[in-house]
2 protein chains.
Amino acid sequence: MFAGMKNYPTGSDRPPRARLFLTADVVLLTIEDDALKVVLVERTRRPDLGSLALPGGFIWHAEMAEDAARRVLAVKAGVEGDVYMEQLYTFTEPERDSRGHIISVAYVAVVRRHDLSFADGPQTETPALYPVTKLPKLSFDHGRILKYGLKRIRDKFVYTNIAYALLPERFTLSQLQRVYEIVLGRDLDKRNFRKKYLSLGMIRPVQEVLSGGRHRPAQMFEFVSRKAVALTEPVL
Amino acid sequence: MFAGMKNYPTGSDRPPRARLFLTADVVLLTIEDDALKVVLVERTRRPDLGSLALPGGFIWHAEMAEDAARRVLAVKAGVEGDVYMEQLYTFTEPERDSRGHIISVAYVAVVRRHDLSFADGPQTETPALYPVTKLPKLSFDHGRILKYGLKRIRDKFVYTNIAYALLPERFTLSQLQRVYEIVLGRDLDKRNFRKKYLSLGMIRPVQEVLSGGRHRPAQMFEFVSRKAVALTEPVL
DNA sequence: AAAATAGTGTCTATAAGACATTATGTC
DNA sequence: GACATAATGTCTTATAGACACTATTTT
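Since we're looking at a predicted model, the values are computed, not measured.

(A) Broad picture of the packing of aromatic side chains. Under the definition given, this model contains 19 aromatic pairs over all chains. Each member of the aromatic cluster is reached from another via a ring pair, and the members are A:Phe157, A:Tyr180, A:Phe193 and A:Tyr197. It is A:Arg71 that lies over the ring of A:Trp60; its NZ or CZ is 3.7 Å from the centre. Sitting above the plane of the B:Phe118 ring, B:Arg113 keeps its charged end 5.6 Å from the centroid.

(B) Representation of the domain arrangement of chain A in the model. All names here are of chain A. Domain assignment breaks chain A into domain 1 (18–157) and domain 2 (168–223). If you average the C-alpha positions of domain 1 and of domain 2, the two centres end up 30 Å apart. Tallying the contact residues gives eight residues for domain 1 and seven residues for domain 2. Of the roughly 800 Å² buried between domain 1 and domain 2 on both sides combined, carbon and sulfur atoms contribute 69%. Inspection of the domain 1/domain 2 interface yields one salt bridge. Notably, a salt bridge pairs Arg178 with Asp34, separated by 3.2 Å at the nearest N-O pair. Connecting domain 1 to domain 2 are three residue pairs in polar contact (both at pLDDT 80 or more).

(C) Looking closely at the protein's contact with DNA strand C. In the region of DNA strand C, 21 residues are neighbours, and A:Ser174, A:Arg214, A:Gln219, B:Arg214 and B:Arg216 sit closest. Backbone sugar and phosphate groups make up 48% of those atoms of DNA strand C lying within 4 Å of the protein. Within the side chain of B:Asn192, an N or O atom sits 3.0 Å from a base nitrogen of DNA strand C. Taking B:Lys195, its side chain carries an N or O atom lying 3.3 Å from a base oxygen of DNA strand C. Those elements that place two or more of their residues in the surface near DNA strand C are helix 4 (190–199) and strand 10 (218–223) of chain A together with helix 4 (190–199) of chain B. Residue composition of the surface near DNA strand C, by class: three nonpolar, six polar and 12 charged.

Procedures and definitions
- Residues numbered from 1 in each chain as written.
- Chains lettered and ligands numbered in written order.
- Predicted model: local features only at pLDDT ≥ 70, side-chain atom pairs only at ≥ 80, totals over all residues.
- Heavy atoms only, no water.
- Phe/Tyr/Trp six-rings, centres within 6.5 Å; stacked < 30°, edge-to-face > 60°.
- Lys NZ or Arg CZ within 6 Å of the ring centre and 35° of its normal.
- Domains from an automatic or database assignment.
- Contact = heavy atoms within 4.5 Å.
- Buried area = accessible area lost by both parts, 1.4 Å probe.
- Salt bridge = Lys/Arg side-chain N within 4 Å of Asp/Glu carboxyl O.
- Polar contact = N/O pair within 3.5 Å; in protein donor to acceptor, adjacent residues only side chain to side chain.
- Near = heavy atom within 4 Å.
- Helix = DSSP H or I, 4+ residues; strand = E, 2+ residues; numbered from the N terminus.
- Nonpolar A, V, L, I, M, F, W, Y, C, P; charged D, E, K, R; others polar.

Okay, here's the thing in structure tokens:
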């Protein structure tokens, strides 16, 4: 296997294969109060006790990383059921965690604020939402992971339908546009946005209007598919 | 599901954290005889002895996955020095390797054919090049990894300058176009390709022409940067 | 009728893609 | 001068982006 190699650092005739611990760490994003926010937990153990980190957990025997990530979502943020989640990157630097050489398989997940339930559940760590625009310093290399996750999600918004993950089943075009503006962090032109988005064929009108306040009610729409779909053409 | 879990499967009060082996597996691509090819090695051990697999190796103690991948490139394909390589995905299914629960951190690398040296070097496994258009069945889940790596590289060609990894320092526009055609698997219009590529400002003409056969010599170009650069605008 | 958001169309500029001929070397 | 590849420009169509007013409902 490592053929031809005569001497390994250990002096043994076999390479010093590492048996490593793996964690699944999740960049869990949502929208609250018209702002994109990320779930962070306060560490209850050393090292870095009391400082903020991404929710994460060790991968168990016979478990795949994605299942561990879903377990983390359930246990630390009360998120159950269908959630948009994708693998982000695997961080393997031996020094990234001061406890030892621990690999992090990082995920990004996007949920509606409503699907987070911090209050109930047995967690001792206290999760909370932080706006991505002004972030505190995070433990380990979690700042880097978060930054990377944010970039990934912003890219995905342009090339996929994942806005569905932040919207109820039925929504208005104004709500959809607002989601894009919050995630991308810039204002969009209403007419151009509607023209473009409708031309993509990812949403369709439903027989329902939203009669909000003292103004004209809005046509509601639904996503044709609530599974992640990649576009050939960007939204913006 | 996992919320409120009082007893772990082992009955212990601590979760059954797994200590796992990790491998770095590399989708190593090159161009040979006007075809995109991938390096595969014949397995010299069980399981799947004699069948084809991606070059890979276990991650060692205090080593990061990327270093392991570079070691694999060096040992199994004689590739040294600066190589375009990026992390692809991490495969963690417990059943993916029949030897046990082994994680694969997969990488894609792109090199010039000239930089591969199979002959010399101490490997007992015999690496060889296979056209990506007609691939044999691979061991484990390597077929899936390869397919994913190919997709990644094709996407990257459209949005970055990584064509540099398949070209000598100086090259003609026809050579560049040919690289794109081989990687993407379709013919491109010469005039449109030149117009577009030159407008991106990623290459510049040098004071040299290539006088090949009995025809007009071609202007040579070089990449402004031979580091991976992401574009805001696609090449094609 | 005032307030508030919904809903709509045009114009301009830029880019993509289809397409054919001339230029300049070597042999 | 025959051959082979290099090099080049125009037209059409589609898309992106700037931009302002009318429509409909509630109170």
